[in-house]
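# Reading the structure
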There are 4 protein chains.
Amino acid sequence: MNDHLNVAVIGAGYWGPNLARNFRASADWNLVAICDLDVERARRVAEGVGGVPVMSDLAAVLADPLVDAVAIATPARTHHAIVLAALAAGKHVMVEKPLADTHERGDEMVRAAAARGLVLMADHTYCYTPAVLKMRELIAEGALGDILFVDSVRINLGLIQPDVDVFWDLAPHDLSIMDFVLPGGLAVTSVSAHGSDPLRTGKSCVGYLAMPLESGAMAHVHVNWLSPTKIRQMVIAGTRRTLVWDDLNPQQRLSVYDRGVDIEAVSKGSTADTRAANVSYRLGDTWSPALPEREALGGVVAEFASAVHERRPARTSGAAGLRVLSVLGAAQASLLAGGAPQVVTAGVAAQEVAA
Amino acid sequence: MNDHLNVAVIGAGYWGPNLARNFRASADWNLVAICDLDVERARRVAEGVGGVPVMSDLAAVLADPLVDAVAIATPARTHHAIVLAALAAGKHVMVEKPLADTHERGDEMVRAAAARGLVLMADHTYCYTPAVLKMRELIAEGALGDILFVDSVRINLGLIQPDVDVFWDLAPHDLSIMDFVLPGGLAVTSVSAHGSDPLRTGKSCVGYLAMPLESGAMAHVHVNWLSPTKIRQMVIAGTRRTLVWDDLNPQQRLSVYDRGVDIEAVSKGSTADTRAANVSYRLGDTWSPALPEREALGGVVAEFASAVHERRPARTSGAAGLRVLSVLGAAQASLLAGGAPQVVTAGVAAQEVAA
Amino acid sequence: MNDHLNVAVIGAGYWGPNLARNFRASADWNLVAICDLDVERARRVAEGVGGVPVMSDLAAVLADPLVDAVAIATPARTHHAIVLAALAAGKHVMVEKPLADTHERGDEMVRAAAARGLVLMADHTYCYTPAVLKMRELIAEGALGDILFVDSVRINLGLIQPDVDVFWDLAPHDLSIMDFVLPGGLAVTSVSAHGSDPLRTGKSCVGYLAMPLESGAMAHVHVNWLSPTKIRQMVIAGTRRTLVWDDLNPQQRLSVYDRGVDIEAVSKGSTADTRAANVSYRLGDTWSPALPEREALGGVVAEFASAVHERRPARTSGAAGLRVLSVLGAAQASLLAGGAPQVVTAGVAAQEVAA
Amino acid sequence: MNDHLNVAVIGAGYWGPNLARNFRASADWNLVAICDLDVERARRVAEGVGGVPVMSDLAAVLADPLVDAVAIATPARTHHAIVLAALAAGKHVMVEKPLADTHERGDEMVRAAAARGLVLMADHTYCYTPAVLKMRELIAEGALGDILFVDSVRINLGLIQPDVDVFWDLAPHDLSIMDFVLPGGLAVTSVSAHGSDPLRTGKSCVGYLAMPLESGAMAHVHVNWLSPTKIRQMVIAGTRRTLVWDDLNPQQRLSVYDRGVDIEAVSKGSTADTRAANVSYRLGDTWSPALPEREALGGVVAEFASAVHERRPARTSGAAGLRVLSVLGAAQASLLAGGAPQVVTAGVAAQEVAA
C-alpha cells in the first residue's frame, strides 16, 4: 500500500470536471469516485478523466472506509449539510467557495472539523495562481512595506445569477485573495456595502465594498455584472512599493512600482501640518517578475494532501473561508441598512486545529 | 466701439496664465488687466501674453467702469469675498472650481448674482473638452438609453495639498462632469464617503464616494493621491449602450459599446424571479467617435462671453458649481460620521437667472 | 445510410488531436481512424475523443473503400508522398500548412487532385477565425476602398524549429491570410527576403518579406523567433478605411479606422506636384465590429465537407496553398541572392477543378 | 566678460522657436539674434522669448565677430551653403537633421569644419531624450550583451512632405538613434529599401529599410505616412536582454526583458545541427527604469556648448550626421534599383577633429 489518499468528488456541475482532472493528475491522490444525483452528468465527468466509478448516493460514498477525503463542488446552500455529514463520517473535506451560505453555518462547519481533528479546506483557487503566490511572498518579505490601501476591481458583462447577488458571486475572490496575501489576513473592522440593481433583477448587479482594515489602511472592492469592459485588477499600495496585479495581461500580470509618497520622520510633537510639510515623492523603477505558467488547481489539491498528511490547517483553511463569510455577512447587513457601515466581528471563535 | 467685453484676470498663480492666454486669444474678449497681490507674479503672466496692465489692488479693478467681467483664479477660501465684491461692483464673474469652500457661501454667491442679474459661471474646464462635450451630446440624444451606473476613477501619484483633502482636490472634476452630462444633472440622493489617511497627513489621501442617483442608478467616484499608476476613466453604462472615457488614451479617448444585458419586457405581475429568467446578453460593436483637438479653456471663455451677451446662465453655471458643493458637503459630513450615508439637499434654493 | 463523410486523420502529433476533436464534433463527418506510425501516440489521441480505431499502416487506411477523405497533419516534407498516395486511392485530402516543402511538389499535388476530380484543401486555419472572415467580408464589400499597403507582424519568443527557418515556420500564416482576404488573392510581383541568424543556428530566426503587389500596393511581413514581446498584428490600409487586426486583444481584435489621406481628383495632365498640393487628411471614427467566439477548426472541417459535397474547390484550396509556396520559394531564392528581389511566377499552372 | 557663448538662430520656421527658447533658457548661451528672410516671422519668434534682435541678412550675422556660433533650422537643401558660409566666417555650427540633402555635400561640410577646427554638430534631438540616453547607457555597460537585431517602427498619419519622401522625412530619427546607441555606431554593410507610393504622390509614403550590420545582426526600419495608428517603437534585442522603447507610453517608455534564447557553448567542430540541439529559453523578469522628465533640446544646446568649450566633436557630431546620410543615400540608390541591396561605404573619409 502506498501513501496515496483516496478522494471522491461530490458534484459534477461546472467545477467538478476541473477537480476530477486535477485529482486524477496528482501524484498525491487516487480519485475513487464521482458522485452526483444526476448520474448521467457524473458519468460524463468520469469518462473525461478516463473512467472512474460513478455514484449517486452520497451516503454510500461517505460510508466507504477507503475514502479518506471528499471535495465538494455543489451549490453553496448545500455545503453545510454535506460537509457536516462528511466530517461526521471522518472524512477530510475540501469545499468550493463560498464555504457556506451564512456565517453561522460556516462557523458550525469549522467547529465540527476542529472537534474531530479533520482538515476543512476552502477551495480558494485564485490563491494558488503563480501571481497571487508571488504577491503573498513579496508582501511577506516586506517588499511593499506597510500596506496603505488595497483596491480591487472585478467587472465585466457577467452572468446574472439566479440565486445570489454580485457580492456573493464575485467578491469571495477578492476577499479570499486579500485574506491570503495581507500580513494579518482579512482583518476588516467594518464594511459599507453599496449596491445597485438598475435593471430591477431583484438583486445587486453593481456593488462596492469599503472596508477599513485594522491597520488603518482601506480596502475597497468593485464588483459588477453590467460592465461591457472586463477588468480584473488589484492594487496593493505600501509605504515602500506598490504592486499591481492585472490578471488579463498575460505579458505583464504583476508590476511592482518603486514609486510613492514619503513622509519624513519628524520629531516628536509634530502636527499634521509639519508632517504635510515633509512630504516627498519617489519615482523609481518598475519591475515585473517572471511568473511560471501553472494551473492553480494543481496547487490546491497538493495543498489539501499536505494538510492531511501533516495534520495541519490548509493554507486556505475553513477559518479563511469563514473570514470571507464574516465580511459578506456584514456587507449584506450594510446593504439592508442603506449602506451604513457594519462592524465585522472576529472571524472565528472556534479554535482551528488538526490534531 | 465694438462688442468686445473687457475682462480682468484675478490671481496669477497656477491657473491664471492659462486664463490670460485664452482671453487674449479670444475674439470675444479684451484682456484689460492681470491682478495679483504679488505684482511680480502678475507681471510675468502679463509678459507671457505680450503685455497687459498689471494691478495689485482688487478694489481699483472693480472700480473701473470699463471692466465688464472678472475671472477669478485664487484659492477657494477667497472666492466668497472676491466674488461678492465683484458682483456688488456690477461685474460678471467666472470662478475657478470649486465655486466656494462651503455650500453655504456658494449659495450666497449664487443668490447675489441672481439678485443683480449678473452671470456667475463656474470654470468647470473639463466640461468643454471635446470628449465631454461628445459624451453630453450622445447621452442627450438617447444613445445610451437609461443610465444604469456611472463609475469614475481619477487616481495617480498626486500632490498632497496643504489645505484640502483628496475629495475637495479631485472629485470636483468628476462631479462637475457628471452634472454636465447626465440627463438630470447631478441628482444625488445621498452620499457615502470613505476616506483613508494611511500616511497620517491629517487628511484623506484615498477616497471613495458612493452616490445613489434619483433615477435609481448608482454613481461612484474613486479619487486617490497615492496610486503609482495614473488612471482617468469614467464609465457611463446605459440600457442601450455603454460609454467609456479614457482620458489618457489620445488615440481612443471615447468608446461606445453596444454591449449589455437586456431584460425582456414581461407581463404585469412579473416578479424578480421571472425577470431574471428573461435576461439576455447583447454583444455588439464598439465605436469610437473622432474628436477634434481643441483646448477646452477656449470653449470656456467663449461660453462666458455668450452667457453675458445673451443674458442667460452659463452652461456650467453657479448653480452647477453649487450642486457640486452640495455633494462635497455631504461627503464631508459622511466622513465625519464614519462613512454613514448623508442626504443631499436640493442643490439650489435660489432661482438662477440673468435678466 | 446518411450523408456523413468518413474521414481518417493521418498524424497524431501536435495538430492531430485538434483535427480529431473537430471531426468528431462535426455533424458532417464520421471520424473513422487515427493513423500514426507511433501507435501509442495515435491511441492517446483516439482516447481523447472517446475512442476511435487506431492504425499504423497508411496503406491499409487508403485501401479502405469506406474512407472518403483523409486529413494530413504530418511534417511538411512528407506531404507530397502521402497526398499523392491518398489521391491515387481516390480520397479527398485536407493537408496541413505548408502544402508541401517545395513549390514543384505542391504543383504536382494540385495537378494530381485536378486530374482526378478530387478536393485538395489547404488547412489554413487562421482564415476561418471570426476576425479573418470578417476582414475578408469587409474588403470584399469595398469598405476599405483600394488597398494601399498590408503590413503584418508575427513575432515572439518562438521555438527554433530543427528543420525550417522562421519564414517557412511563420510566414505561411500571414501569406495565406493575405491570399484569403485580398481582392485578387496573393498577387505578388516579386519578393525581397531579408533574414538574419544572429545566434548562428544555421537558419534565419529574424525575417522580413517585402512584396510589391500587382495592384501597386506593398505587402510586408515581419516574422521573428527572438522577440521577447509577442505581437500578432496585421494592418490593411485602404483609400477609404484602414483595418487593424490585433489578434492578442480579445476585447478589440478588429478595428476599422475611418482615417486617411485623400488626394483630390485633379484634372488630366496633373503632375505629381499638383497632386501633392491636393492632399487632405480625414480623421473619422473608429469602429470595432463584434465577433463571435468560435473555434476556427470547426469552420475548416465544415468547409472541407461542403467542398466535397458540392464538388468545388475549398475556399482555401490547394491552389491557395500553392500561391503561398510560390512566395516562400521566391523568398528562399531572395535570401540566397543576398536580399535581391525575385520575381514570383503565377501560382498555378494547373487548372483546379472538381468535376 | 563671462564665458557665455553668443549664438544666433538661423531660420524661424517650425523648429526655430524651440531652438530660441532653449538657447534663451540655457546658462551656457546668450541668444543674440534670430535671422530669417521673413522678418515678421523672425520677430514673432523673438517676441516669444521676450525680445531678441531680429535680422534678415545672414551675411551680417556671420560678419559679427561677437557671434560665436549659429544654429541652423532651415530646409535641408539650404544647409550646405549656409553651413559652409558660417564655417568660413569662423562660427561653430549646429544644424538641423538631416545634415544635408546629399552625402557628398554633407561630406564637404564635415571636411570644412575639420579643416578649420570648428564644431559641426547635428541636432539629433531624440538622442538627448532621457529614454535614448538610458538606452545608450544600458547598451554601453553590456546589459543587453551582443546585439541580435534592431527593429524600429515610426508610423502614423503623417504630413506628406512636398520635397522629400518618407525615408528622408522620418528615417533620420531612427538612423541617428541607432548610430547613437549601438556599440559601433551605425555600421551598416548594405541597405535594401522598399518603398511604395500607392496614392501616386510622386514619392514613397510607405517605406522599409533592411540593413545588415557589420556585427552580423539585422537592423530594420518601417516608416509610414499612411498609417491611421501611431507607433513609435524600437526593439533592440541582445544575447542577454532585450530592450523595447515605446515612446508613446509615458508610463513605461522603456522595458528591459530578461528573456531570450540561449545557445549553449558547444565543443569545437559543432555543426548547425548540434547548435540547434542546445537551444534553451530564458523567461526572466521585466524591468522598466524610471526616467526623468526633461526636454531633450536643453541637452542638445548644453552639449553644443560643451563641445565648443572642450574643443571636441559633439556626441552627435557632423560625422554622425554623415553616417545617416550614407544610409539614406544607399537607400535612395536601392529604391532606384527596385529594392536591390546597395553597399554602404564608410561614412566619413575626412578626419573629424576640433583642434
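Right, let's walk through the structure included here.

Reading the values: rules and limits
- Residues numbered from 1 in each chain as written.
- Chains lettered and ligands numbered in written order.
- Predicted model: local features only at pLDDT ≥ 70, side-chain atom pairs only at ≥ 80, totals over all residues.
- Helix = DSSP H or I, 4+ residues; strand = E, 2+ residues; numbered from the N terminus.
- Rg over C-alpha atoms; globule rule 2.2 N^0.38 Å.
- Contact = placed C-beta atoms within 7 Å.
- Nonpolar A, V, L, I, M, F, W, Y, C, P; charged D, E, K, R; others polar.
- Axes fitted to C-alpha atoms, helices over the stretch in contact; angles between N-to-C directions.
- Parallel < 35°, antiparallel > 145°, perpendicular 65-115°, else oblique.
- Left-handed = near helix turned anticlockwise from the far one by under 90°.
- Buried ≥ 20, exposed ≤ 12 C-beta atoms within 10 Å, placed from the backbone.
- Pairing = 2+ DSSP bridges.

Of regular secondary structure, chain A possesses 10 helices and 15 strands. Radius of gyration (C-alpha) of chain A: 22 Å, near the 20 Å computed for a compact globule of 355 residues. Viewed in the frame of its principal axes, chain A has a C-alpha envelope of about 70 × 45 × 40 Å. In chain A, of all internal contacts separated by at least 6 residues, the share reaching a separation of at least 24 is 68%.

As a further point, take the interface of chain B and chain D. Listed by partner, the interface residues are 5 residues for chain B and 5 residues for chain D. Each residue belonging to the side of chain B that touches chain D can be placed in one class, and the counts come to no nonpolar, 3 polar and 2 charged.

The next thing to look at is the interface of chain B and chain A. Facing the 42 residues of chain B at the interface are 42 residues of chain A. At 6 residues, strand β11 (residues 226-238) of chain B tops the list of elements feeding residues into the side of chain B that touches chain A.

Turning to the packing of helix α5 (residues 103-116) of chain A against helix α10 (residues 318-336) of chain A, a few remarks are in order. Residue and element names in this part refer to chain A. Look at α5 against α10: their axes get within 9 Å of each other, and the N-to-C directions meet at 165°. In terms of axis orientation, α5 runs roughly antiparallel to α10. Relative to α10, the crossing made by α5 is left-handed. Here H103, G106, D107, M109, V110 and A113 of α5 come into contact with α10, specifically with G318, A319, G321, L322, L325, S326 and G329. Split by residue class, the contact of α5 with α10 holds 6 nonpolar, 6 polar and 1 charged.

Now for unusual backbone geometry. Residue and element names in this part refer to chain A. Cis geometry marks the peptide bond from K97 to P98; its omega dihedral reads -10°. Summarising the element assignment, P98 is placed in the loop between β5 (92-96) and α5. Of note in this structure, R200 is not a glycine but carries a positive phi near 50°. Residue classification places R200 among the partly exposed residues on the basis of 13 C-beta atoms within 10 Å.

Moving on: the sheet that holds strand β5 (residues 92-96) of chain B. All names here are of chain B. An order of β3-β2-β1-β4-β5-β6 is seen for the 6 strands of this open sheet, with the pairing classed as parallel. Each of the sheet's edge strands pairs with one partner strand only, and the pair in question is β3 (54-55) and β6 (120-123). Contacts from helix α4 (residues 79-88) reach β1 (5-10), β4 (69-72) and β5, with the element oriented near 165° to β5. Lying on the sheet, helix α9 (residues 296-310) is in contact with β1, β2 (29-35), β4, β5 and β6; it crosses β6 at an angle near 170°.

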